[in-house]
Amino acid sequence: MSETIDRIIAIIPAAGVGKRMGVTLPKQYLTINHRAILSHTLNAFLSHPNIDKVVVAIGEDDPYFKELPESEHPKLLTTIGGKERADSVLSALKYAEQNNSSDSWVLVHDAARPCITHDDIDKLLDARQEFPQGAILAIPVRDTMKRAGSDGTIDRTVCREQLWHAMTPQMFQLNILMNNLERALSEDVTITDEASAMEWANIQPGLVSGRPDNIKVTHKDDLPLAELYLKNNG
Ligand SMILES: Nc1ccn([C@@H]2O[C@H](COP(=O)(O)OP(=O)(O)OP(=O)(O)O)[C@@H](O)[C@H]2O)c(=O)n1
Ligand SMILES: C[C@](O)(CO)[C@H](O)COP(=O)(O)O
């Protein structure tokens, strides 16, 4: 179990529409084992003894969130997300900063990754000693990687040495991440994860090897896999 000496805030971007899932309901509200994907994710952080607050960013017209049992949890704060994931994260960081000390640590985690475990959260929190600049959960690439050509054939093989799949949570000090993310977005830098904003600011976050079952539910065929993992992880 990780010993925390700082305030730890989970930031959960949950304002997406799930276009790639191809259903009308935003994918974070699809149910697995009779609970919304977002409920699984929120509970992983609300139930963690070292997470002090959870800030979730939801869509402006989201009619579903208030129906979740977790929406009334005393540790939970809610704010409105933005156009892109990074905008939602920045919105939640700003809200967190208004309500907490700016040197708190934040763990930014996709609502669409419901299989996150306390063990992996602890592993990342414990990495603060080794990586005071921040770190992310990730898994090394196992397969040979190919770059596709324009005609659907292989353009080339990409060296897989030192290639990792970035996952979440991504852990940084609140004020440093918020300032760098805001500056990167103001300069129209493409930001698809928090680490890329920090890298843009010449900070090199640590890589912490996480569980491969911490999948992001993106397409329909991810659902049975997430169901299996959630059942296995109890
Ligand atoms: N404007 C957005 C877009 C995404 N997200 C969140 O960021 C996480 C990861 O994004 P992704 O898997 O891409 O979700 P969607 O954007 O909903 O999916 P799609 O790209 O298929 O529409 C999700 O939990 C999603 O809810 C968000 O908070 N705000
Ligand atoms: C943050 C992330 O999950 C790391 O792999 C990923 O970048 C999210 O990408 P998405 O297209 O917003 O799902």
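Residues numbered from 1 in each chain as written. Chains lettered and ligands numbered in written order. Predicted model: local features only at pLDDT ≥ 70, side-chain atom pairs only at ≥ 80, totals over all residues. Heavy atoms only, no water.

Going by this rule: UniProt positions are given in the numbering used here, feature names are shortened, and annotations may be inferred rather than shown by experiment.
Per an unreviewed UniProt entry, the recorded name for the chain is 2-C-methyl-D-erythritol 4-phosphate cytidylyltransferase, and the organism is Parashewanella curva. UniProt annotates the chain under Function (unreviewed entry) with the comment "Catalyzes the formation of 4-diphosphocytidyl-2-C-methyl-D-erythritol from CTP and 2-C-methyl-D-erythritol 4-phosphate (MEP)." According to the UniProt record, the Catalytic activity (unreviewed entry) comment for the chain reads "2-C-methyl-D-erythritol 4-phosphate + CTP + H(+) = 4-CDP-2-C-methyl-D-erythritol + diphosphate".

### Brief notes about the UniProt feature "site: Positions MEP for the nucleophilic attack" (unreviewed entry) in the chain
Note the cut-off: The rule is simple: put a 1 Å grid over the protein atoms alone, call a set of points where a 1.4 Å probe fits but cannot get out a cavity, call an open set with protein on both sides within 12 Å along at least five of seven lines a pocket, and count a residue as lining if it has an atom within 4 Å of a point. Per-residue accessibility, obtained with a 1.4 Å probe over protein chains only, is compared with the maximum for each type, and a residue is labelled buried under 20%, exposed over 50%, and partly exposed between these values. We call two residues in contact when some of their heavy atoms are within 4.5 Å. In protein, a polar contact requires one atom able to donate a hydrogen and another able to accept it; more generally it is a pair of N or O atoms within 3.5 Å, and residues adjacent in sequence count only if both atoms are side-chain atoms.
Mapped onto the present numbering, the UniProt feature "site: Positions MEP for the nucleophilic attack" (unreviewed entry) falls on Arg160 and Lys216. As for the lining of the largest pocket, the annotated residues named previously contribute Lys216. With relative accessibility at 37%, the residue Arg160 sits in the partly exposed group. The residues touching Arg160, leaving out its near neighbours within four places in the chain, are Val141, Arg142, Asp143, Thr144 and Met145. For Arg160, the side chain forms a polar contact with the main-chain oxygen of Arg142, separated by 2.8 Å. The class of Lys216 is partly exposed, set by a relative accessible area of 27%. Within the local environment of Lys216, its side chain forms a polar contact with the side chain of Thr218, the two groups lying 2.8 Å apart.

### Focus on the site of ligand 2
Short version of the rule: Summary of the distance rule: residues count as near a molecule or strand when at least one heavy atom falls within 4 Å of that molecule or strand. Using the Shrake-Rupley algorithm and a 1.4 Å probe, accessible areas are obtained, with residue cover drawn only from the displayed protein chains. Throughout, a molecule is located in a cavity or pocket provided that more than half of its atoms lie within 2 Å of its grid points. In this classification, Asp, Glu, Lys and Arg are treated as charged, Ala, Val, Leu, Ile, Met, Phe, Trp, Tyr, Cys and Pro as nonpolar, and every other residue, Gly included, as polar.
Near ligand 2 the following residues occur: Arg20, Arg85, Asp110, Arg113, Ala166, Thr168, Thr192, Asp193 and Lys216. Contact distances for ligand 2 include 3.1 Å between an oxygen atom and a side-chain N or O atom of Arg20. Ala166 places a polar main-chain atom, nitrogen or oxygen, 2.7 Å from an oxygen atom of ligand 2. Summarising the interface, the protein chains cover 73% of the accessible area of ligand 2, which totals 360 Å² for the free molecule. Of all the cavities here, the one that holds ligand 2 is the largest pocket. When grouped by side-chain class, the residues that make up the shell around ligand 2 number one nonpolar, two polar and six charged.

### Some words on the site of ligand 1
To be explicit about the condition: Think of it this way: any DSSP run of H or I at least four residues long counts as a helix, any run of E at least two long counts as a strand, and we number them from the N terminus.
Taken together, 18 residues form the shell around ligand 1, and within it Gly18, Lys19, Arg20, Lys27 and Ser88 come nearest. Counting atoms within 2 Å of the grid points, the majority share of ligand 1 lands in the largest pocket. Elements with a contribution of two residues or more to the shell around ligand 1: strand E1 (8–14) and helix H2 (85–99). Residue classes in the shell around ligand 1 are distributed as six nonpolar, four polar and eight charged.

### Examining the sheet that holds E1
What counts, and what does not: A pair of strands counts as paired when DSSP detects no fewer than two bridges linking them. Angles run from 0 to 180 degrees between N-to-C directions of axes, and those axes are lines fitted to C-alpha atoms, restricted for helices to the stretch in contact.
In spatial order, the strands read E5-E4-E1-E6-E10-E7-E11; together these seven strands make up an open sheet with mixed pairing. The sheet is open, and its two borders are formed by strand E5 (76–80) and strand E11 (206–209), each paired with just one other strand. The sheet shows a mean angle of 30 degrees between the axes of neighbouring strands, direction not considered. By the bridge criterion, six bridges tie E1 to strand E4 (residues 53–58) in an arrangement that is parallel. Paired with Ile9 across the bridge in E4 is Lys53. Lying on the sheet, H2 is in contact with E1, E4, E5, strand E6 (105–108) and strand E10 (164–173); it crosses E1 at an angle near 145 degrees.

### Thoughts on the packing of aromatic side chains
Spelled out, the test is: Only Phe, Tyr and Trp rings take part, Trp by its six-membered ring, and two of them pair if their centres are within 6.5 Å. Stacked means planes under 30 degrees apart, edge-to-face means over 60, and tilted covers everything else.
Under the criterion given, the structure shown has one aromatic pair. Consider the rings of Tyr29 and Tyr64, whose centres lie 5.1 Å apart with planes at 40 degrees: the pair is tilted. Placement of Tyr29 in the loop between E1 and strand E2 (31–32) and of Tyr64 in the loop between E4 and E5 is noted, with a sequence separation of 35 residues between them.

### Quick notes on the UniProt feature "site: Transition state stabilizer" (unreviewed entry) in the chain
The sites that UniProt annotates as "site: Transition state stabilizer" (unreviewed entry) are Arg20 and Lys27. Of the annotated set named above, Arg20 and Lys27 line the largest pocket. Following the sequence through the fold, Arg20 ends up in the loop between E1 and E2. Discounting chain neighbours no more than four positions away, the residues touching Arg20 are Lys216, Thr218 and His219. Positionally, Lys27 belongs in the loop between E1 and E2. Its relative accessible area of 12% is what places Lys27 among the buried residues. Not counting the four nearest positions on each side in its chain, Lys27 is found in contact with Val17, Gly18, Met21, Ile37, Ala112, Val217 and Thr218.

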